[in-house]
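Chain residues, written in single-letter form:
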Amino acid sequence: MGKKWLNLVETGQLYLEQILVTFNIPILFVCHGFENRKYLCLNVDEEVETTVIAETDSETLLAMLQNKLTMETVFRNSFNNSLIIAEYDTTNDEIVTQIKNSKEISEDFLPTKGEFFEFSNQKIKKYITSLEKQIIKIDTVDTIMVS
């Protein structure tokens, strides 16, 4: 199922699915939650522990990883045009969230406009294969139901 990450009112429990970019902490990563919903997460400020969370889907993640969509586009086109901004409040020892419009949020919270993912290693390639299989399963189920 993956390692538990955050439990938010907006999403329920999120589980770490795949780290895409990491330094001292994960910078860009994918989580899944209820009904296997996918979330692309970006740590924008590790000093104040601010993370931008965009609900997306396997097809969109796959397009980003295959450099067909920019990273910023995935965030701007999140479901319902909503992004969750999660910040750790050290005073009260809790996560505080805000919902922001993905079309209007400051570019400071997002990957640089026009930048593609352009990173590849064995783990990323395996993850791409996993996403492709998930999409094929969904297509097969939809086809069976329609027939």
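Before any of the text, the structure's been laid out above.
In this report, we go over the structure that sits alongside the text.

1. Section: the sheet that holds strand β6 (residues 82-89)
Logical step 1: Spatial strand order, β1-β2-β3-β4-β5-β6-β7: 7 strands in an open sheet with antiparallel pairing. What marks the edges here is a single partner per strand, and that holds for β1 (3-8) and β7 (94-101). The sheet shows a mean angle of 30 degrees between the axes of neighbouring strands, taken without regard to direction.
Logical step 2: Here strand β2 (residues 12-22) pairs with strand β3 (residues 26-32) via 6 bridges, running antiparallel. Note that in β3 the partner of Ile19 across the bridge is Phe29.
Logical step 3: Here helix α1 (residues 58-65) sits on the sheet in contact with β2, β3, β4 (38-45) and β5 (50-56), set at roughly 50 degrees to β4.

2. Some points on the environment of Asn121
Logical step 1: Here Asn121 is to be found in the loop between β7 and α3 (122-146).
Logical step 2: When the C-alpha positions of Asn121 and Leu20 are compared, they lie 9.7 Å apart, and in sequence the two are 101 residues distant.
Logical step 3: Side-chain polar atoms of Asn121 contact the backbone nitrogen of Ile124, separated by 2.8 Å.

3. Things to note about the pairing of β6
Logical step 1: In this sheet, β6 lies alongside β5 in antiparallel orientation, the contact comprising 5 bridges. Considered in β6, the bridge of Ala54 is made with Leu83.
Logical step 2: Counting the residues between successive antiparallel strands, the hairpin from β6 to β7 contains 4 residues, one of them, Asp93, with a positive phi of roughly 50 degrees.

4. Brief notes about the side chain of Glu72
Logical step 1: Mapped onto the elements of the fold, Glu72 is located in helix α2 (residues 71-76).
Logical step 2: The contact partners of Glu72, leaving out residues within four places of it in the chain, are Leu110, Pro111, Thr112 and Lys113.

5. Some points on α1
Logical step 1: Of all 8 residues in α1, 6 are buried, a share of seventy percent or more.
Logical step 2: Among all positions in α1, only Ser58, Leu61, Leu62, Ala63, Met64 and Leu65 are buried.
Logical step 3: Looking one or two residues past α1, Asn67 carries a phi angle of roughly 60 degrees, positive in sign.

6. Observations concerning the pairing of β1
Logical step 1: Pairing of β1 with β2 involves 4 bridges; the strand directions are antiparallel. Across the sheet, the residue bridging to Lys3 is Leu16, located in β2.
Logical step 2: Between β1 and β2, which pair antiparallel and follow one another directly, the connecting turn spans 3 residues.

Rules used in this analysis
- Residues numbered from 1 in each chain as written.
- Predicted model: local features only at pLDDT ≥ 70, side-chain atom pairs only at ≥ 80, totals over all residues.
- Heavy atoms only, no water.
- Pairing = 2+ DSSP bridges.
- Helix = DSSP H or I, 4+ residues; strand = E, 2+ residues; numbered from the N terminus.
- Axes fitted to C-alpha atoms, helices over the stretch in contact; angles between N-to-C directions.
- Contact = heavy atoms within 4.5 Å.
- Polar contact = N/O pair within 3.5 Å; in protein donor to acceptor, adjacent residues only side chain to side chain.
- Buried < 20%, exposed > 50% of the residue type's maximum accessible area, 1.4 Å probe, protein only.

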